[in-house]
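What follows is each chain in one-letter form.
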Amino acid sequence: MSVLTVVLALFAALSNAAASVLQRRAAAQDEDRAGAVHVVRSLLRLVRDRYWVGGAALLALTTVLQASALAVGSLAVVQPLMATELLFTLVVGSVVFHRRPDLRTWLAFVALAVGLALFLGAASPAAGQDTATPGRWGWAGLALFCAVTGFAAVGSAVRGAPRAALFGSASAVAFGGTAALLKEVTGRFPQGVGAVLTQWPLYATGAVGVISFLLLQSALRAGTLAASQPALTLGDALTSVALGWALFGEEIVLGVRVLPELIGIALIGLGSVGLARAPSVHGTWDTAPAARDGPGKGRRQEQEQEQT
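Nothing here was measured: the structure is a model prediction, and the numbers come from that model.

## Observations concerning the overall build of the protein chain
And step 1. A count of helices and strands for the protein chain gives 15 helices and 0 strands.
And step 2. Counting only residues that meet the buried cut, the protein chain has 50% of its 308 residues in that class.
And step 3. Summed over its atoms, the accessible surface of the protein chain is roughly 14,200 Å², and 68% of this surface lies on carbon and sulfur atoms.

## Focus on the packing of helix 5 (residues 85-97) against helix 6 (residues 103-123)
And step 1. Contact geometry for helix 5 and helix 6: axes closest at 8 Å, N-to-C directions at 150 degrees. As summarised for this structure, helix 5 and helix 6 are arranged roughly antiparallel, according to the angle between their axes. Contacts from L86, L87, L90, V91 and S94 in helix 5 reach T105, W106, F109, V110, L112 and A113 in helix 6.
And step 2. Residues of the contact of helix 5 with helix 6, tallied by class, amount to 9 nonpolar, 2 polar and no charged.

## Overview of the packing of aromatic side chains
And step 1. The final tally for this structure, using the stated rule, is 2 aromatic pairs.
And step 2. When the ring of W52 is compared with that of F213, the centres are 5.9 Å apart and the planes differ by 75 degrees; the resulting orientation is edge-to-face. Note that W52 is positioned in helix 3 (residues 50-72) and F213 in helix 10 (residues 200-222), a separation of 161 residues in sequence.
And step 3. Under the relative-accessibility criterion, W52 is labelled buried at 9%.
And step 4. Lying across the ring of Y51, R25 places its NZ or CZ 3.9 Å from the centre.

## Comments concerning the environment of G150
And step 1. Its location among the elements puts G150 in helix 7 (residues 137-156).
And step 2. The spacing of G150 and F167 is 17 residues in sequence and 10.0 Å in space, taken between C-alpha atoms.

## Thoughts on a nonpolar patch on the surface
And step 1. On the surface, a nonpolar cluster with roughly 360 Å² of combined accessible area is contributed by V3, V7, F11 and L14.
And step 2. Inspection of the secondary structure puts L14 in helix 1 (residues 3-34).

## Things to note about helix 11 (residues 225-248)
And step 1. Between the first and last C-alpha of helix 11 there are 32 Å, a value that for 24 residues agrees with the 34 Å anticipated at 1.5 Å per step.
And step 2. Most of helix 11 is tucked away: 19 of the 24 residues are buried.
And step 3. Phi turns positive, to about 70 degrees, at G249, one or two residues after helix 11.

## Overview of the nonpolar core
And step 1. L75, W137, A180, L215, L243, L247 and F248 are the most contacted members of the largest nonpolar core, which has 33 residues in total.
And step 2. Those elements that place two or more of their residues in this core are helix 1, helix 3, helix 4 (75-81), helix 7, helix 8 (161-187), helix 10 and helix 11.
And step 3. Residues L22, L59, V96 and L220 belong to the second largest nonpolar core, which totals 13 residues.

## Observations regarding the packing of helix 7 against helix 11
And step 1. Contact geometry for helix 7 and helix 11: axes closest at 10 Å, N-to-C directions at 160 degrees. As summarised for this structure, helix 7 and helix 11 are arranged roughly antiparallel, according to the angle between their axes. For the element pair helix 7 and helix 11, the recorded crossing hand is right-handed. The segment helix 7 lies against helix 11, with W137, A140 and L144 engaging T239, L243, L247 and F248.
And step 2. When its residues are assigned to classes, the contact of helix 7 with helix 11 shows 6 nonpolar, 1 polar and no charged.

## Examining helix 8
And step 1. Look at helix 8: 38 Å from first C-alpha to last across 27 residues, which is about the 39 Å you get at 1.5 Å a residue.
And step 2. Judged by how many residues are buried, helix 8 sits mostly within the fold: 23 of 27 residues are covered.

## Focus: the confidence of the model for the protein chain
Where the model shows low pLDDT, its predicted coordinates should not be examined in detail.
And step 1. The share of residues in the protein chain with pLDDT of 70 or more is 80%, and the mean pLDDT across the chain is 79.
And step 2. Here residues 290-308 scores under 50 on pLDDT; set against residues more than four positions off or in separate chains, the count is 21 contacts.

## Considering the environment of E85
And step 1. Of note, E85 is situated in helix 5.
And step 2. Residues E85 and F11, 74 residues apart in the sequence, show an inter-C-alpha distance of 9.4 Å.
And step 3. Ignoring any residue separated from it by four or fewer positions in sequence, one finds E85 in contact with A13, N16, A17, S20, Q229, L232 and T233.

Rules and cut-offs
Here the residue numbering is sequential within each chain, running from 1 through the sequence in written order. Local features in this predicted model are restricted to residues of pLDDT 70 or higher, and side-chain atom pairs are both shown and tallied only at a pLDDT of 80 or more, whereas totals for entire chains, interfaces and linings draw on every residue. Hydrogens and water molecules were not included; the side-chain quantities draw on all heavy atoms of the structure. Helix and strand definitions here come from DSSP, where helices need a minimum of 4 consecutive H or I residues and strands a minimum of 2 consecutive E residues; each element is numbered from the N-terminal end. Categorising residues by exposure relies on relative accessible area from a 1.4 Å probe, with only protein chains included: less than 20% of the type maximum marks a residue as buried, more than 50% marks it as exposed, and the intermediate range marks it as partly exposed. Accessible surface is estimated by sampling points in the Shrake-Rupley manner with a 1.4 Å probe; for residues, cover comes only from the protein chains shown. To obtain an axis, a line is fitted to C-alpha atoms, over the contacting stretch when the element is a helix, and the angle between two such axes runs from 0 to 180 degrees between their N-to-C directions. The scheme is simple: roughly parallel for angles under 35 degrees, roughly antiparallel for over 145, roughly perpendicular for 65 to 115, oblique for anything else. A contact between two residues is defined here by any heavy atoms of the two lying within 4.5 Å. Gly is placed with the polar residues, together with every amino acid not listed as nonpolar (Ala, Val, Leu, Ile, Met, Phe, Trp, Tyr, Cys and Pro) or charged (Asp, Glu, Lys and Arg). For Phe, Tyr and Trp, where Trp contributes only its six-membered ring, two rings pair if their centres lie within 6.5 Å, and the inter-plane angle classes them as stacked under 30 degrees, edge-to-face over 60, or tilted in between. Definition used: whenever NZ (Lys) or CZ (Arg) falls within 6 Å of the ring centre and also within 35 degrees of the ring normal, the charge is taken to sit over that ring. Here, patches come from residues exposed beyond 30% relative accessible area and free of salt bridges, joined within 9 Å for like charges and within 5 Å for nonpolar side chains (Val, Leu, Ile, Met, Phe, Trp, Tyr). By convention in these notes, a salt bridge is any Lys or Arg side-chain nitrogen within 4 Å of a carboxyl oxygen on Asp or Glu. One fewer than the residue count of a helix, multiplied by 1.5 Å, yields its expected span. Only buried residues count toward a nonpolar core, which is a set of Ala, Val, Leu, Ile, Met, Phe, Trp, Tyr and Cys residues joined through side-chain atoms within 4.5 Å. By definition, turning the near helix anticlockwise from the far helix through less than a right angle yields a left-handed crossing, and turning it clockwise yields a right-handed one. Every residue gets a pLDDT, meaning the predictor's confidence in that residue, from 0 to 100.

What follows is the structure in structure tokens.
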């Protein structure tokens with residue numbers, strides 16, 4: 001694991017977290033003004049919002065940083081490192097929304113991030129091939145399609161935090177697929193620019209990236225970041241590890257390292273349960289009123305409501 005890979009992945013995580021926060025702010029304000037509407041109609045309004053545009057620009061920067069990291073590192077290393085996005089989301093969100101999440105949310109996010117880091121550190125994913133094993137992309141594409149459509153279909157039938165988490169999961173699987181396709185594209189760079197431009201992975205990356213983006217917008221509109229972001233970040237990391245193993249031969253160490261891996265999985269489970277019970281998941285720390293009212297006002301309003 002090179003220092004350059006780690007630095008690029010961490011900056012990509014920070015950029016992606018900031019993008020999610022800014023676009024969640026814009027989506028919350030839009031929903032407050034117009035109510036729940038079709039995501040495409042909503043996008044037509046959001047393109048005029050400076051927060052949404054800033055978030056879109058950061059998503060583009062994330063793609064560049066992520067592609068650069070994948071060019072020098074393995075898929076199973078780069079994507080899990082981006083799990084730090086969980087903590088970056090809380091930090092950036094606290095600044096943008098002028099309100100800190102409750103302690104339980106912080107602890108849950110930390111447990112998720114530490115658990116994932118422990119699992120992946122113990123598993124120590126090994127670098128594989130630069131491009132996928134011939135013939136495997138068809139099966140991988142079918143599996144990704146089934147997973148994305150399944151999460152999105154169930155998410156469409158529910159509301160609130162479950163909807164945000166399910167659309168976050170659908171977006172996560174799609175973004176994991178996008179990352180794998182990016183890895184495929186960068187692996188074909190030695191063939192020359194002309195060859196890359198005439199082969200399918202580049203255009204599949206663009207198509208899947210657009211789908212991932214639209215699913216992300218649905219997740220951000222459905223509910224708070226505390227519900228959607230863990231599903232998005234963890235799902236992306238785990239999908240990428242699976243695709244790294246299935247497509248690029250990136251192996252995971254087991255044997256004596258099973259114990260720390262199990263501890264990591266247990267921390268992920270505890271963090272998920274704690275987050276499901278955290279007030280922030282069902283609260284308003286990242287809604288439009290919190291962003292407009294300024295520091296402290298939202299907390300005072302909640303205290304007044306509790307007293308009445």
